[in-house]
Amino acid sequence: MARWCYRHRLVVLLLWLGALFGLGTASSAAGTNYANVFSLPDTDSATAYDLMEKAFPERAGDTDTVVWKVDDGSIRDESVRSRIEPALEEIGRMKGVGEVTGPYAEQGAAQISRDGRIAYAQITFTEQANAIPKELIEDVVDTAQAAEQGGLQVELGGQAIARTQEPPQGTAEAVGILAAAVVLFLAFGSLFAMLLPIVVAIAGVGTGMIATMLMSHVADVPEVAPLLGSLIGLGVGIDYALFIVTRHRRGILRGMKPQEAAVTALNTSGRAVLFAGGTVCIALAGMLVMNMRFLDGVVIATSLTVVLSVLAAITLLPALLGLLGMRVLSRRQRRRLAAAGPEPAEASGLAARWSSYVQRRPRPIAAMALVVMAVLAIPVLSIRLGATDQGNHQDSTTTRQAYDLLAEGFGPGVNGPLQVVVDGDAPESLVNAIRSTEGVAQVAAVPPANGVTVIQVVPTTSPQSEQTDRLIDRLRDDVIPQSDAEAHVGGVTAVFKDFASVTGDRLPYFVATIIALGFLLLLVAFRSLVVPLTAALMNLIAAAASFGVLVAIFQWGWGTELIGVGKEGPITSFLPVIMLSLLFGLSMDYQVFLVSRMHEEWVHTKDNARAVRVGLAETSRVINSAALIMICVFSAFVLSGDMEGAMAGIGLAAAVALDAFILRTALVPAAMHMLGKANWWLPDWLEKRLPHLAVEPKEEAPAAEEEPLVAGRASVVHGFIRTADGGPVEGAAVTLLTKGGRQLDRVTSLADGSYIVSVPAPGTYLLATTAASYGSRAQQVVVADGPLVYDVELAEGEVDAVN
């Protein structure tokens, strides 16, 4: 398929452009229909919600609030009333506003504070918040705030009003892409190579977002789903393209034609991308174990975006590579390639030196990494799940000001009232019992409707307070059972409390499911019991540390105002499930790319130390570059204007940083060095029963090997292994491999340093030499029809890893 896409690049480009424009046109015509369905089946708040729908079947539209305060005098003063009342009347006449209930009406006395300095009016729109035209909301805000004057403060709150404070759509994505572009340019040194991953990611995320908009008409997709979909889609889309482009460029630099380099890159790194994308989707699908309707839409949006990002990487990317040809390299690289010929197949530089350092000192490195992760994980012990609201917005926003004014004038509980819903008439004894319950500020019973009575309960504490949670428990466990009435506690605060409780109860099963799936996938891929066990443990360590960072910032408030995400509060109930799914998928990506190279080297040499050293040396740079890109993309979502998006962005950025720079670069290789050959242990009986799932393709013989071996065509490579001063090196291991890394012959040098290895036919091969205290060296050798004389010089402590 890669070859077809490369050759028919214009067709592939037209298909992708057609898909983008076609889906875009359809979504523009259809619009969106996002639905925040937070209710849970078989919970008390869900039953209360169902009864309220029965009582008020016609109730629709978002209800927002206008709050005003006077510095001196009273809200009832004519000077205040003459400014506020005309503004409220003008708002009531606007098309799209259903009703305005103010404090100056006959039944509005309860909407004025006891000291007479704060009052509020409720605006009920004819549509839900996401369907209200933004122009109407802005007109409401401007009209209300036009009544402000010296000594009179006017603020507005509610879901619809919050939309006016959102930054322009796409700001977070644009900043993330810009940051990723800088990292890619530094990594590649080529403008065209930098653009490739970005174009591929935009294509995948763009089609994913548009498809999610269309899916919102046939499934309950929450408003936060497209944000999370674009967050994970940009991260994996750029990373997957990065892996493939890196392999493609490496192939060209080592002498391959652009088309063959692209086909090889897709047949190797592309397969790993398919496997990695599959693991991310499996991890996301694990959220379905939670049996929460709200998460179903998140699974749809994120999985769809990941699938389309993978599809773009394996179809659109080879087409773009075909358009660029040699321009995927920088001008300097093209000139050097023309002048000096192909590069040697060896790894060097900082990555190789670090890999050797880890091999020499695995225990202190592992201990230091564990200490760092343990310290970062300490805050997770105090994690509290709940819901964010407008009290978490920044101090400067009108929604936060309105929230604080309502709390000042009517008590903090007015921002999150509870509804005790009674099936039938509410006994007076129940109303009195609720009124006398500790933690209750106000109680008001609404006249029965359709056989259902609703009792409005205002707590003395804020919606996010633990005391409010305890009040809900007292009402459910003590007050209502003693009343002999069938009643249920509902309201947004109760819904989120139930959401947090269900999440906490089901989270262990969810974690066990995704850990088990990851274990099985790695077991089959790498034919080892220890590698998947190590990966599972590392995933748990990374999750604990990243949630520790999340708690410290968003729950403890360490820097929330500094990074512009508002006031501290509980961690959003559904965030652990989403973050664990994404973290598991991304960790599996890095584990696959790291360990697959180690496994390949182990299969060829059966030398664990070399396998771990070579695998780390050759993959750490691309993993770290990919992680840096993800950190940039995820961190940019602090600018999304959405608290849940900011939490997910910061949490995932921390998780990726810790996973890539501490776990995969230090702790995993250090642990594998200490475990030795046990890393690759698998019982024979299990080996026979496991299916074979190859992350890497079957080794293709080079052109010389594709022909039947003809008598007289076989040859040898021979020579001497010597030190820098010319002395012989005895006992050096000399291995002949294909360009793809398959071992063909292996010998040990004699006392005089001589060696000889058999070559099946003319062609290009890799000659790897390893000796104790001398490190290793690898070099590409070209064998013609006759024997090749090739001497190897080893320097003490040198490390040149075979690719």
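The text that follows walks through the structure, step by step, so that each part is easy to find. All of these numbers come straight from a predicted model, not from anything done at the bench.

### Points about the overall build of the chain
Part 1: A tally of helices and strands in the chain yields 24 helices and 21 strands.
Part 2: On the principal axes, the C-alpha backbone points of the chain span a range of 110 × 50 × 45 Å.
Part 3: Sorting the 803 residues of the chain into buried and exposed places 56% on the buried side.
Part 4: The long-range fraction of contacts in the chain, counting pairs at least 24 apart against all pairs at least 6 apart in sequence, stands at 77%.
Part 5: In the chain, the 58 positive side-chain charges and the 78 negative ones have mean positions that sit 13 Å from each other.

### A look at the nonpolar core
Most often, soluble globular proteins keep nonpolar side chains buried together rather than apart.
Part 1: Counting 158 residues, the largest nonpolar core has Met 287, Leu 295, Phe 554 and Phe 634 as the members making the most contacts within it.
Part 2: A total of 19 residues in this core trace back to one element, the largest contributor, which is helix H22 (residues 643-675).
Part 3: With sequence-adjacent residues up to four places away left out, Phe 634 is seen in contact with Leu 231, Ile 232, Gly 235, Leu 586, Gly 649, Ile 650, Leu 652, Ala 653 and Val 656.

### Focus on the environment of Ile 177
Part 1: For Ile 177, the location among the structural elements is in helix H7 (residues 171-188).
Part 2: For the pair Ile 177 and Val 199, spaced 22 residues apart in the sequence, the C-alpha separation amounts to 10.0 Å.
Part 3: With near-sequence residues (within four places) excluded, Ile 177 lies in contact with Ile 198, Ile 202 and Leu 234.

### Structural notes on the environment of Ala 121
Part 1: Its location among the elements puts Ala 121 in strand S3 (residues 118-125).
Part 2: Taking the C-alpha atoms as reference points, Ala 121 and Leu 295, 174 residues apart in sequence, are found 34 Å from one another.
Part 3: In this structure, Ala 121 is in contact with Asp 64, Thr 65, Val 66, Trp 68, Leu 88, Thr 101, Gly 102, Pro 103 and Gln 111, ignoring residues within four places of it in sequence.

### Thoughts on helix H19 (residues 530-555)
Residues three or four positions apart in an α-helix share a direction because the helix packs 3.6 residues into each turn.
Part 1: Compared with the 38 Å implied by 1.5 Å per residue over 26 residues, the 36 Å span of H19 between its first and last C-alpha is a close match.
Part 2: Burial of H19 is extensive: 22 of the 26 residues sit out of reach of the surface.
Part 3: Backbone geometry just downstream of H19 places Gly 557 in the positive-phi region, at approximately 85°.

### A short note on the packing of aromatic side chains
Part 1: Scanning the model with the defined rule gives five aromatic pairs in all.
Part 2: With 5.1 Å between their ring centres and 85° between their planes, Tyr 120 and Phe 410 make a pair best called edge-to-face. Taken as a pair, Tyr 120 in strand S3 and Phe 410 in helix H15 (residues 398-410) lie far apart in primary sequence, 290 residues in all. As far as the burial class goes, Tyr 120 and Phe 410 line up, both buried.
Part 3: Seen from their ring centres, Trp 602 and Trp 680 are 5.8 Å apart, and the 15° between their planes marks the pair as stacked. One end of the pair, Trp 602, is in helix H20 (residues 575-605); the other, Trp 680, is in the loop between H22 and helix H23 (684-689), with 78 residues separating them in the sequence.

### Brief notes about the sheet that holds S3
Part 1: Here we have four strands laid out as an open sheet, ordered S2-S3-S1-S4, and antiparallel in their pairing. A single partner strand is all that each edge strand has here, and the edge strands are strand S2 (97-101) and strand S4 (152-157). Within the sheet, the average angular offset between the axes of one strand and its neighbour, ignoring direction, is 20°.
Part 2: Alignment of strand S1 (residues 63-70) against S4, held across six bridges, turns out to be antiparallel. Paired with Val 67 across the two strands is Glu 155, which belongs to S4.
Part 3: Its contacts with the sheet place helix H4 (residues 78-92) against S1, S2, S3 and S4, and it is angled at close to 160° to S2.

### Structural notes on unusual backbone geometry
Part 1: Look at Asn 450: it is not a glycine, yet its phi comes out positive at around 55°.
Part 2: The residue Asn 450 is located in the loop between strand S8 (440-449) and strand S9 (452-459) in this model.
Part 3: The class for Asn 450 is partly exposed, based on a relative accessible area of 49%.
Part 4: We note that Arg 527 has phi near 50°; this positive angle belongs to a residue other than glycine.
Part 5: Relative to the helices and strands, Arg 527 resides in the loop between helix H18 (492-526) and H19.
Part 6: Residue classification places Arg 527 among the buried positions, given a relative accessible area of 12%.

### Concerning H18
Part 1: Helix length check: H18, at 35 residues, gives a terminal C-alpha distance of 48 Å against a target of 51 Å (1.5 Å per residue), a fit within 8%.
Part 2: Of all the bends in H18, the greatest reaches close to 45° and is centred on Arg 506; the proline Pro 508 follows between one and four positions later.
Part 3: Looking at the residues trailing H18, positive phi occurs at Arg 527, about 50°.

### Overview of the sheet that holds strand S10 (residues 487-490)
Part 1: Pairing is antiparallel across the open sheet formed by four strands, whose spatial order is S8-S9-S7-S10. Only two strands of the sheet have a single partner each, and these edge strands are S8 and S10. Averaged over all neighbouring strand pairs, the angle between strand axes comes to 20°, with direction disregarded.
Part 2: Sitting on the sheet, helix H3 (residues 44-55) touches strand S7 (418-423), S8, S9 and S10, and the angle it makes with S10 is about 100°.

### Description of a negative patch on the surface
Part 1: A cluster of acidic residues, Glu 90, Glu 135, Glu 138, Asp 139 and Asp 142, forms a negative patch at the surface.
Part 2: A total of four residues in the negative patch trace back to one element, the largest contributor, which is helix H5 (residues 134-145).
Part 3: Mapped onto the fold, Asp 142 is located in helix H5.
Part 4: Using a relative accessible area of 51% as the deciding quantity, one classes Asp 142 as exposed.

### Overview of the pattern of salt bridges
Part 1: Applying the stated rule across the entire model yields nine salt bridges.
Part 2: Among the ionic pairs, Arg 476 bridges to Asp 498, the shortest N-O distance being 2.7 Å. Taken together, the positions of Arg 476 in helix H17 (residues 466-479) and Asp 498 in helix H18 put the pair 22 residues apart, joining distant regions of the chain.
Part 3: Assessed through its relative accessible area of 7%, Asp 498 is described here as buried.
Part 4: Residues Glu 687 and Arg 527 are paired through a salt bridge, measuring 3.3 Å at the closest nitrogen-oxygen approach. Placement of the pair is Glu 687 in helix H23 and Arg 527 in the loop between H18 and H19, with a sequence separation of 160 residues.
Part 5: Salt bridges here are not isolated pairs; linked through shared partners, they connect Asp 44, Arg 476 and Asp 498.

### Quick look at the packing of helix H14 (residues 362-377) against H19
Part 1: In contact at an axis separation of 7 Å, H14 and H19 are set at 45° when each is read in the N-to-C sense. As summarised for this structure, H14 and H19 are arranged oblique, according to the angle between their axes. Note that H14 runs across H19; the crossing there is left-handed. Contacts between H14 and H19 pair Leu 370, Met 373, Leu 376 and Ala 377 from the former with Ile 541, Ala 542, Ala 544, Ala 545, Gly 548 and Val 549 from the latter.
Part 2: Residues of the contact of H14 with H19, tallied by class, amount to nine nonpolar, one polar and no charged.

### Quick look at the state of the cysteines
Part 1: Taken as a whole, this structure holds zero disulfides when the rule is applied.
Part 2: Here Cys 281 stays free of any disulfide, with the sulfur of Cys 5 as its closest cysteine sulfur at 19 Å.
Part 3: With relative accessibility at 18%, the residue Cys 281 sits in the buried group.

### Regarding a nonpolar patch on the surface
Part 1: Judged by side-chain polarity, Phe 185, Leu 191, Phe 192, Leu 195 and Val 199 come together as a nonpolar surface patch covering roughly 420 Å² of accessible area.
Part 2: If one sorts the elements of the nonpolar patch by residue count, helix H8 (residues 191-215) sits on top with four residues.
Part 3: Mapped onto the elements of the fold, Leu 191 is located in helix H8.
Part 4: A residue is classified by how much of its surface remains accessible, and Leu 191, at 48% relative accessible area, is partly exposed.

Reading the values: the criteria
- Residues numbered from 1 in each chain as written.
- Predicted model: local features only at pLDDT ≥ 70, side-chain atom pairs only at ≥ 80, totals over all residues.
- Heavy atoms only, no water.
- Helix = DSSP H or I, 4+ residues; strand = E, 2+ residues; numbered from the N terminus.
- Buried < 20%, exposed > 50% of the residue type's maximum accessible area, 1.4 Å probe, protein only.
- Contact = heavy atoms within 4.5 Å.
- Lys, Arg positive; Asp, Glu negative; His and termini not counted.
- Charge placed at Lys NZ, Arg CZ, Asp CG, Glu CD.
- Core = buried A, V, L, I, M, F, W, Y, C linked by side-chain atoms within 4.5 Å.
- Expected span 1.5 Å × (residues − 1).
- Phe/Tyr/Trp six-rings, centres within 6.5 Å; stacked < 30°, edge-to-face > 60°.
- Pairing = 2+ DSSP bridges.
- Axes fitted to C-alpha atoms, helices over the stretch in contact; angles between N-to-C directions.
- Bend = angle between axes of the 7 residues up to and from the residue.
- Patch = residues over 30% accessible without salt bridge, like charges linked within 9 Å, V, L, I, M, F, W, Y side chains within 5 Å.
- Areas by Shrake-Rupley, 256 points an atom, 1.4 Å probe, with all protein chains shown as cover.
- Salt bridge = Lys/Arg side-chain N within 4 Å of Asp/Glu carboxyl O.
- Parallel < 35°, antiparallel > 145°, perpendicular 65-115°, else oblique.
- Left-handed = near helix turned anticlockwise from the far one by under 90°.
- Nonpolar A, V, L, I, M, F, W, Y, C, P; charged D, E, K, R; others polar.
- Disulfide = S-S within 2.5 Å.

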